[in-house]
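# Structural characterization, general
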Amino acid sequence: MAFKTACFISYPHNAGKSVDAFVARLTDELKDRPAQFVTDPVVTDHDFPTGADFNKAIAKAICESACLLVVYMPVYERKAFCIQEYVAMERHQTKRYQSLQRDLSDKFGMILPLVYAGHESKIPKWISQKINYKNISHATIADPVSIFETGDFKRWLVEVANLIDSLYNEFRATENVCAGCEADTLPDEADKEVLSRLNGLCRNKGGRESQGPPSRLIRLRGCRSSRQLKRPGLRGSEAAPS
């Protein structure tokens, strides 16, 4: 197999119980659909214990994944770790298509933005202009989980499974697509591409953006927060709220 993980789901933690319920159901649905095409798992960072090696484990999992599904909401832009996950997959996509000597990003993009909440006019272009972009914010206001029963969303899930299958087929003859993943690292919080996507840089009293790193408020080590990372063994709903 070209990859070791079918899909990695990137989303902001501590965004509310409705988001947690939605992502849990989404994960289950995606585990079911791609299983009809490939044998590798669908994962989120809930699948990895927190602790000293958490960042390394996430970097490795993204490196080994065929695609990154982004559950986007405005707070996604304000969490450095989420952006680090996003930029990591962007770079993997570039390297993979370079090794394939064919740029298929306009056909088989490896980043799939799924807009859970946010006004269309305020969604950043690095999300809205992706080939696999889908906005379901209109359906998540009342009962987010109910969208899984709609025909449109069921068809979208099938499209995601087909995309994963297509990526496996495109790279099946490529050797060592996951080579180096053991030593892979996430882009640093101070990485230029990470900072360019973060929404909420420090501002001085005059209202201008400072030239320093993001404030402590948005330097959350995750889609999980730094407080959670300091408490080994906590996962998901068991973690202390930040």
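Preceding this section is the structure that the text describes.
A brief report on the enclosed structure follows. (Residues numbered from 1 in each chain as written. Predicted model: local features only at pLDDT ≥ 70, side-chain atom pairs only at ≥ 80, totals over all residues. Heavy atoms only, no water.)

## Section: the state of the cysteines
Stated formally: In this description, a disulfide is simply a cysteine sulfur pair whose atoms lie within 2.5 Å. Strands here mean DSSP runs of E at least two residues long; helices mean DSSP runs of H or I at least four residues long; both are numbered from the N terminus.
Under the definition given, this model contains one disulfide. Paired through a disulfide, C63 and C181 show a sulfur-sulfur distance of 2.0 Å. Between C63 and C181, the disulfide has an S-S torsion of -70 degrees and is therefore left-handed. Placement of C63 in helix α2 (residues 54–63) and of C181 in the loop between α5 (151–171) and α6 (192–197) is noted, with a sequence separation of 118 residues between them.

## A word on the sheet that holds strand β2 (residues 42–44)
Put simply, the rule reads: Any two strands with at least two DSSP-identified bridges between them are counted as paired. Contacts were defined at the residue level, with two residues in contact if any of their heavy atoms lie within 4.5 Å. Each axis is a line fitted through C-alpha atoms, taken for helices only over the stretch in contact, and angles between the N-to-C directions span 0 to 180 degrees.
Spatially, β2-β1-β3-β4-β5 is the arrangement adopted by the five strands of the open sheet, whose pairing is parallel. Whereas interior strands pair on both sides, the edge strands pair on one side only; in this sheet they are β2 and β5 (134–135). Bridging between strand β4 (residues 111–115) and β5 involves two bridges; their strand directions are parallel. Considered in β5, the bridge of L114 is made with K134. This element, α5, spans β1 (7–10), β3 (68–72), β4 and β5 of the sheet and lies at about 165 degrees to β4.

## Here we look at the pairing of β4
The side chains of a regular strand alternate between both faces of the sheet. Let me state the cut-off plainly: The rule is simple: take the accessible area with a 1.4 Å probe, protein chains only, and divide by the maximum for that residue type; under 20% is buried, over 50% is exposed, in between is partly exposed. Seen with its strands pointing away from the viewer, a crossover is right-handed if its path from the first strand over the helix to the second goes clockwise.
Counting buried residues in β4 gives five out of five residues, a clear majority hidden from the surface. By the alternation rule, side chains of β4 split into I111, P113 and V115 and L112 and L114, which are all buried. Relative to β4, β3 is paired through five bridges, and the arrangement is parallel. Opposite Y72, over in β4, you have V115 as the bridge partner. The parallel pair β3 and β4 is bridged by helix α3 (residues 80–100), and the resulting crossover is right-handed.

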